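# Observations on the model geometry
Each chain is listed here by its residues.
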Amino acid sequence: IYIGARCIIAGHRSSFFTHSKGLHQKKNYFKSIRIGADNYVGSNVVAAPGFSTGEKNFIGLGAVCVGELSSISCSLLVGNPARVKKSMPGDSPYFA
């Protein structure tokens, strides 16, 4: 698991899974998780094997994060599966 600089993992009960058992292959597989710099991860977030995100994102409460989202930056990610709810300009006062 790689967690970038200045990230905040908030609250409690967030889960980061780096392994799973494939249903079709019937064998275990392992993939890393990568969270870019300046991300805020809310409580109860679940990150599946292979999840990655870009920089300066908010990952909302209870989001289920799957897949490659490394090209997404300066956004609010929410839902199951996590998707962009809102994007913000990179020069926003929050990111200063």
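In what follows, the structure referred to is the one given above.
Residues numbered from 1 in each chain as written. Predicted model: local features only at pLDDT ≥ 70, side-chain atom pairs only at ≥ 80, totals over all residues. Heavy atoms only, no water.

Here we come to the environment of F51. Here F51 lies in the loop between β8 (46-47) and β9 (52-53). Along the backbone, F51 and S92 are 41 residues apart, and their C-alpha atoms lie at a distance of 26 Å. (Helix = DSSP H or I, 4+ residues; strand = E, 2+ residues; numbered from the N terminus.)

Glancing now at the packing of aromatic side chains. Across all of its chains, the model carries 1 aromatic pair by this definition. Ring geometry for Y40 versus F58: centroids 6.1 Å apart, planes at 50 degrees, classification tilted. Remark: F58 occurs in strand β10 (residues 58-59) and Y40 occurs in strand β7 (residues 40-41); sequence separation between them is 18 residues. The class of Y40 is partly exposed, set by a relative accessible area of 32%. F58 gets classed as partly exposed once you look at its relative accessible area, which sits at 21%. (Phe/Tyr/Trp six-rings, centres within 6.5 Å; stacked < 30°, edge-to-face > 60°. Buried < 20%, exposed > 50% of the residue type's maximum accessible area, 1.4 Å probe, protein only.)

Moving on, we come to the environment of T18. The topology assignment puts T18 in the loop between β3 (15-16) and β4 (19-21). Considering only alpha carbons, one finds T18 and S71, 53 residues apart in sequence, at a separation of 20 Å. Leave out the neighbours within four places in its chain, and T18 touches I1, Y29, F30, K31, I33 and P49. (Contact = heavy atoms within 4.5 Å.)

In this section: the pairing of strand β14 (residues 83-87). For β14, the buried fraction is low: 0 of the 5 residues fall into the buried class. The sheet contact formed by strand β13 (residues 75-78) and β14 spans 4 bridges and is antiparallel. Bridge pairing in β14 links S75 to S87. Hairpin remark: β13 followed by β14, antiparallel, with 4 residues in the connecting loop; positive phi at G79, about 100 degrees. (Pairing = 2+ DSSP bridges.)

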